[in-house]
Amino acid sequence: MKLYNTLGKKVEDFKSIQKGEVSLYTCGPTVYNYAHIGNLRTYIFEDLLKRVLLYNGYKVNHAMNITDVGHLVGDGDEGEDKLEVGAKREGKNPLDIARFYTEKFFQDTDALNIIRPDVVKTATETIPEQIEIIKILVEKGFAYKGEQAVYFDTSKLADYGKLSGQKLSEKLAGAREEVVVDKDKKNPADFALWFFLTGRYQNHILHWPSPWGKGFPGWHIECSAISRKILGQPFDIHCGGVDHIGTHHTNEIAQSEAAFGLPLANIWMHGEFLQVNEGKMAKSAGTFVTLQDLMDKGFSPLDYRYLCLTAHYRTQLNFTWESVLSSRNALEKMYQFVVSGKPGQVGCAEYEQKFLEQISDDLNVPQALGLAWQLVGDTSLPVEARINSLLKFDQVFGLRLSEPPALFFNVQEDAKLAELVELRQLARKDKDFERSDSLRQEMEALGYEVLDTSEGQKIKRKISL
Ligand SMILES: [Zn+2]
């Protein structure tokens, strides 16, 4: 397999540390609000990576964190803790907020057919492990105590910033004056490992004792602690979104490597942004879209998953309602194909070989999806063999092709609809087309689309863009 490594910026042959096994760490959500579909694109990319590894015969040991303390509104050391923001917004305790949005997060990822990590740990349940690493950093002279926090001294690490390729001087130039709020901070790029209950954090609800005083951890240290605890150091692959490169992952590397003198992970992979209407997703611009928003319009979460398969993980994907509608139509055709016959005992070897090559070439899933369509349309091969291969491909696509949803809506689930269908059937029998049309309009107003087929009326949920 070949994978693109952000560290070094090139495609490499993948070689796992343990033969036949891959240790994988993916940065999890900060659970203070609903995830938007841009966040979810990253988890779909990571799921595709995991499925491609599994398809290649690896056993995958996958760990993920849940951030329930310490992630400030700015990714640096500025602003409030997001969990406290959520708690204030909803008048609840931060841990109740965390519990609620963790559940919502997994509802979303389950609906998107994302395989759950083998181990999930929260920041708040790994405080001792985080303190342990900070202690080592202080002892080794990589960390110091300021007025408001214990900081990592970025000037002590010659290759700080190697992941982004950004020089420390450039990073300093980018740091805004007003975010440097602690006079004891030696370098503007230095980042907090442990915040004290002082100044702006005087009333921080979640806090623990530490050798440096009561407080709470910075965001980055939890990933260093959790990945090491579950996967060891170094482990094989570390993933996240491209927005993690400059600060979060750079700081994870700095902490873990300074503390233990070993690389944190061998391969770093990052998923690109999702844009909405050519712009960055933002609540203020009305482009903050959640999975529930898609479902409210009648889409299935897998329609969105299909859309994500159409773009390579290292390219930006532009989301529009029309694009997800095209994906829905394509996916429906795929379901129709799968139910048009029975899977045979054997597949199409040539296609399967090509498929394996494409997905193993830095996850070229869009190309593999194109190949799948070529296979569907290749009438020189028996339909049974084509279905057999397509179902194998779906181990990577994750579109639940082996259990396709009903193509039509079950009329009995909606009594009012059932009544309208019956009335319309009578109207059509009486050749009363005016009445038939007005009944159709009534069904549409209820959110249904009616198709007249040789087997009578078939109903679908209407998509309202
Ligand atoms: Zn992380």
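All of these numbers come straight from a predicted model, not from anything done at the bench.

Conventions we followed
Residues numbered from 1 in each chain as written. Predicted model: local features only at pLDDT ≥ 70, side-chain atom pairs only at ≥ 80, totals over all residues. Domains from an automatic or database assignment. Core = buried A, V, L, I, M, F, W, Y, C linked by C-beta atoms within 7 Å. Buried ≥ 20, exposed ≤ 12 C-beta atoms within 10 Å, placed from the backbone. Helix = DSSP H or I, 4+ residues; strand = E, 2+ residues; numbered from the N terminus. Expected span 1.5 Å × (residues − 1). Arc of directions from axis to C-beta. Axes fitted to C-alpha atoms, helices over the stretch in contact; angles between N-to-C directions. Parallel < 35°, antiparallel > 145°, perpendicular 65-115°, else oblique. Left-handed = near helix turned anticlockwise from the far one by under 90°. Contact = placed C-beta atoms within 7 Å. Nonpolar A, V, L, I, M, F, W, Y, C, P; charged D, E, K, R; others polar. Pairing = 2+ DSSP bridges.

1. Re the domain arrangement of the chain
So, point 1. Examined at the domain level, the chain breaks down into domain 1 (2–271), domain 2 (275–397) and domain 3 (411–461).
So, point 2. Look at where the C-alpha atoms of domain 1 and domain 3 centre, and you get two points 54 Å apart.

2. Considerations on the nonpolar core
So, point 1. In terms of nonpolar packing, the biggest core is built from 110 residues, with Ile134, Leu137 and Leu193 touching the most fellow members.
So, point 2. For this core, the element with the most residues is helix 1 (residues 37–55), which contributes nine residues.
So, point 3. When residues of this core are assigned to domains, at least three map to each of domain 1 (2–271) and domain 2 (275–397).

3. Overview of unusual backbone geometry
So, point 1. The peptide bond linking glutamine 233 to proline 234 adopts the cis configuration, its omega dihedral lying at -5°.
So, point 2. Secondary-structure assignment places proline 234 in the loop between helix 6 (219–231) and strand 10 (235–241).
So, point 3. With phi around 55°, lysine 9 is a residue other than glycine that occupies positive phi space.
So, point 4. Counting through the fold element by element, lysine 9 comes out in the loop between strand 1 (2–5) and strand 2 (10–13).
So, point 5. You can call lysine 9 exposed: it has 9 C-beta atoms within 10 Å.
So, point 6. Even without glycine at this site, asparagine 113 takes up a positive phi of about 60°.
So, point 7. Mapped onto the fold, asparagine 113 is located in the loop between helix 3 (94–111) and strand 5 (119–122).

4. Looking at helix 14 (residues 415–429)
For the α-helix, the turn length of 3.6 residues means that residues three or four positions removed from each other point alike.
So, point 1. Look at helix 14: 21 Å from first C-alpha to last across 15 residues, which is about the 21 Å you get at 1.5 Å a residue.
So, point 2. Buried residues of helix 14: Leu417, Leu420, Val421 and Arg424, and no others. Buried residues along helix 14 cover an arc of 105° about the axis, so they all sit on one side. Exposed side chains of helix 14 directed beyond 90 degrees from the buried face belong to Ala415, Leu426 and Lys429.

5. Considering the packing of helix 6 against helix 7 (residues 245–260)
So, point 1. Between helix 6 and helix 7, whose axes approach to 9 Å, the crossing angle comes to 55°. The pairing of helix 6 with helix 7 is recorded here as oblique in orientation. For the pair helix 6 and helix 7, the crossing hand works out as right-handed. In this structure, helix 6 uses Trp219, His220, Ile221, Cys223, Ser224 and Arg228 to contact helix 7, whose residues at the interface are His248, Asn251, Glu252, Gln255 and Ser256.
So, point 2. A breakdown of the residues in the contact of helix 6 with helix 7 according to their chemical character gives three nonpolar, six polar and two charged.

6. Quick look at the sheet that holds strand 4 (residues 59–66)
So, point 1. Across the sheet, which stays open at both edges, the five strands sit in the order 5-4-3-10-11 with parallel pairing between neighbours. Looking at the sheet topology across the chains shown, the edges are occupied by strand 5 and strand 11 (265–271). Ignoring strand direction, the axes of neighbouring strands in this sheet form an average angle of 20°.
So, point 2. Bridging between strand 3 (residues 21–26) and strand 10 involves three bridges; their strand directions are parallel.

7. Quick word on the packing of helix 4 (residues 127–139) against helix 7
So, point 1. Helix 7 packs onto helix 4 with a crossing angle of 65° between their chain directions and a minimal axis gap of 9 Å. Taken together, the axis directions place helix 4 and helix 7 in an arrangement best described as roughly perpendicular. Two packed elements cross with a definite hand, and for helix 4 against helix 7 that hand is left-handed. Along the contact surface, helix 4 presents Ile133, Ile136 and Leu137, while helix 7 presents Gln255, Ala258 and Ala259.
So, point 2. A per-class count over the contact of helix 4 with helix 7 returns five nonpolar, one polar and no charged.

8. Here's the deal with the sheet that holds strand 7 (residues 149–152)
So, point 1. Strand order in the open sheet made by the four strands is 6-7-8-9, with antiparallel pairing throughout. In this open sheet, the two edge strands, each paired with only one partner strand, are strand 6 (143–145) and strand 9 (215–217). Adjacent strand axes in the sheet meet at a mean angle of 20° when their direction is disregarded.
So, point 2. Where strand 7 lies against strand 8 (residues 191–196), four bridges are found, and the strand directions are antiparallel. Across the sheet, the residue bridging to valine 150 is tryptophan 194, located in strand 8.

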